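Letter by letter, the chains look like this.
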Amino acid sequence: MSTPSRSAHNGAAPPADALTIAGRELHSRLLLGTGGFSSLELLRDAIAASGSELVTVALRRIDPDARGSLTDVLSQCGVELLPNTAGCHTARDAVLTARLAREAFATDWIKLEVIGDEDTLLPDAPELLRAAEELVDEGFVVLPYTTDDPVLARRLVDVGCAAVMPLGSPIGSGMGIRNPYNIALIREAVDVPVVLDAGIGTASDAALAMELGCDAVMAASAIARAQDPERMARAMRAAVQAGRLARTAGRIPRRRYATASSPREGLAEFT
Amino acid sequence: MITLNGQASEVPAGETVAEALGRLGVSPQRRGVAVAVDGEVVPRGEWESFVLAEDARMEVLTAMQGG
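Worth saying up front: this structure is predicted, and the values here are computed from it rather than measured.

1. Some thoughts on the interface of chain B and chain A
(1) Moving on: The interface of chain B with chain A comprises 26 residues on the first partner and 30 residues on the second.
(2) Moving on: Carbon and sulfur atoms supply 59% of the area that chain B and chain A bury against each other, a total of about 2,300 Å² over both sides.
(3) Moving on: When the area that chain B buries against chain A is broken down by residue, the three leading residues are Met64(B), Gln65(B) and Gly67(B), summing to 27%.
(4) Moving on: The tally of links from chain B across to chain A stands at two salt bridges.
(5) Moving on: Close ionic contact of Asp72(A) with Arg31(B) constitutes a salt bridge, the shortest N to O distance being 2.8 Å.

This is how it looks when you write it as structure tokens:
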């Protein structure tokens, strides 16, 4: 795990506490997905409110008649692009999509998704591992979307992935983190950044991810499909900061019985 | 004729990738565009010289909103 900052701070502002992935320093620990926003204006406002520096995009057939260019809008926002391989069901397709993304966006970074089931959109573990290995060999910085399996996470790191992105629950489900125990185990199992991806429904889910030791949170639908996406982006930003602060502050242990917080000495006797 | 983004096109074999992009209304200077022909990436630097064969399948991709 990255060492938390020990520098003094007044509690109002989070300490300087950058996240480094493959040598790139990120000051926001919230990654934003661009899918689901009903307009590019809403997306722009949400990016600004989220403070995110890294946003995902998908690669699809061009529509020459489309109004407004996503690439231009994101460029104006000053964010870095993280292309994904969403929609790919085989290692072969994912590898080709990653190569095309590198060509289109001049980045070696790829959020690797290889889907194994249409209803749950859960990752196909063997194909994912195969694609990850091949892309690492080709020089990509691979951030795989993976299940909450600590063993698979370790295997992905063993083949050279720069981070792991375990799911909290299925993409777009908003069910939060179904197995916090496994997420905590993944944090212990690997020595690369852990980015909780998928399933975030609201701010408390993002805070929990950070409290469990995740280094960052990725949110897409939870913000894009909220009634007020800009407001939810602000909420997520605050939640990620709060969760990170709580994690690095060190929470008290849970106990079954009360521990008095007022002293027993000096208690008055009235009868 | 070649297949362009999954559709039968008017692009005849013998044209280059750059010419096919022109017919699609996509400027070769446009940022954020990538091309694959028959499942292989055609790097931007080869768009002017890469000649499309009969029945080639060309995909022209760009950034779309996505998780």
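2. Points about the pattern of salt bridges
Residues and elements named next belong to chain A.
(1) Moving on: This model, assessed by the stated rule, comprises 15 salt bridges over all chains.
(2) Moving on: Lys-111 serves as the salt-bridge partner of Glu-113, at 3.1 Å between the closest nitrogen and oxygen. Per residue, the accessibility class of Glu-113 equals that of Lys-111, and both read buried.
(3) Moving on: Each of Asp-17, Arg-29 and Arg-244 takes part in a single network of salt bridges with overlapping partners.

3. Things to note about the environment of Val136(A)
Residue and element names in this part refer to chain A.
(1) Moving on: Turning to its location among the elements, Val-136 is positioned in helix 4 (residues 125–137).
(2) Moving on: Val-136 sits in the partly exposed class, given a relative accessible area of 22%.
(3) Moving on: Sequence spacing of Val-136 and Ser-204 is 68 residues, and the spatial spacing of their C-alpha atoms is 34 Å.

Reading the values: rules and limits
- Residues numbered from 1 in each chain as written.
- Chains lettered and ligands numbered in written order.
- Predicted model: local features only at pLDDT ≥ 70, side-chain atom pairs only at ≥ 80, totals over all residues.
- Heavy atoms only, no water.
- Contact = heavy atoms within 4.5 Å.
- Buried area = accessible area lost by both parts, 1.4 Å probe.
- Salt bridge = Lys/Arg side-chain N within 4 Å of Asp/Glu carboxyl O.
- Buried < 20%, exposed > 50% of the residue type's maximum accessible area, 1.4 Å probe, protein only.
- Helix = DSSP H or I, 4+ residues; strand = E, 2+ residues; numbered from the N terminus.

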